[in-house]
Amino acid sequence: MSKVIVIGSQKGGVGKTTTTLNLAYSLCSMGKKVLAIDLDSQANLSTCYGIENTKDLEYTIGHLLMAQIEEEEPEELEHYIQSKDGVDFIPSSIYLSAVEAKLRTEMGAERMLAEVLAPIRDRYDYVLVDTVPSLGMLTVNALAVADEVIITVNPQLLAMMGLQDFLRTVGKIKKRINPKLTIAGILLTMCDGRTTLCKVLTEEVTGSFQGQIKIFKNRIPSTVKVGESIYYSMPIALYSKKASAGIAYRKFAKELIDYEG
Ligand SMILES: Nc1ncnc2c1ncn2[C@@H]1O[C@H](COP(=O)(O)OP(=O)(O)O)[C@@H](O)[C@H]1O
Ligand SMILES: [Mg+2]
């Protein structure tokens, strides 16, 4: 049985894309079959996978969604699924923003991604979906198909702001569209353990949700190696074996697998 995990947050710049890339790689290096989906029209994840001109792509998640909306047969799925360092992925492009506009006017629009994934998901142990920092139709589509959501929080960026809105949206989707949806937990990213602010904000997040939402034990430290590895289109662990963030993502992947039993 495959598990669809959405990496979400109401904010940008909190490490969603970095987490998708590195969690996918870590799970894959533990022998899991993983598909990563770029559900952001800015296509940052696709760029992380080394695709340079995303706007020229003809086979993206946007094209799959559009075919679904128009009830057309998409071309063979194999065209859409690319592979990098053992991880399969479906790229995105700016075309996805046109798809999002279209979704706003469609009936039953929140199930389109679920329909697209139906014939694909069971080939994988994990399908990870990288989302945008808005609660628009794309995020709703992602949450409508998800088994779990991992919320990334950057304790440097007024961590708590907007978090309740995001949780409320998750709650509504669970109630109205997708009863199996659960919150896997909050992953703290870009933690600089030496700074007081980071400590204070981490305690604030932990204190607010204790007993309600799991805060993953493994936190991702802040390190320049992340930016460097992305520049070279590599997961951190491949770019530098010793980089703290790469080691943390691997431990986090292990924690996630163990937690799921
Ligand atoms: N652990 C980290 N240490 C240092 N920089 C990081 C770390 N994680 C992410 N970054 C950087 O922070 C920026 C935002 O991260 P990103 O994953 O793109 O966030 P989001 O997808 O939530 O917008 C990127 O420039 C990325 O390289
Ligand atoms: Mg992103």
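Keep in mind the model is a prediction, meaning the values are calculated, not measured.

(A) Structural view of the pairing of strand β2 (residues 34-38). Burial runs high along β2: five of the five residues are buried. Burial along β2 is two-sided: the face carrying V34, A36 and D38 and the face carrying L35 and I37 are both buried. Bridge analysis of β2 against strand β5 (residues 126-130) gives five bridges, and the strand direction is parallel. If you follow D38 over to β5, its bridge partner there is D130.

(B) Region of interest: the environment of Y259. The residue Y259 is located in helix α11 (residues 244-259) in this model. Linking Y259 and T139, residues 120 residues apart in sequence, is a C-alpha distance of 25 Å. Setting aside chain neighbours within four positions, we find Y259 in contact with E148, I183, A184 and K214.

(C) A look at the pattern of salt bridges. In the structure shown here, the tally under the stated rule is twelve salt bridges. Residues K102 and E106 are paired through a salt bridge, measuring 3.9 Å at the closest nitrogen-oxygen approach. For K254, the salt bridge identified is with D258, shortest N-O distance 3.0 Å. Of this pair, K254 and D258 both sit in helix α11, four residues apart, which is roughly one turn of the helix. Connected through shared salt-bridge partners, E70, K102 and E106 make up one network.

Each value, and the rule that gives it
- Residues numbered from 1 in each chain as written.
- Chains lettered and ligands numbered in written order.
- Predicted model: local features only at pLDDT ≥ 70, side-chain atom pairs only at ≥ 80, totals over all residues.
- Heavy atoms only, no water.
- Buried < 20%, exposed > 50% of the residue type's maximum accessible area, 1.4 Å probe, protein only.
- Helix = DSSP H or I, 4+ residues; strand = E, 2+ residues; numbered from the N terminus.
- Pairing = 2+ DSSP bridges.
- Contact = heavy atoms within 4.5 Å.
- Salt bridge = Lys/Arg side-chain N within 4 Å of Asp/Glu carboxyl O.

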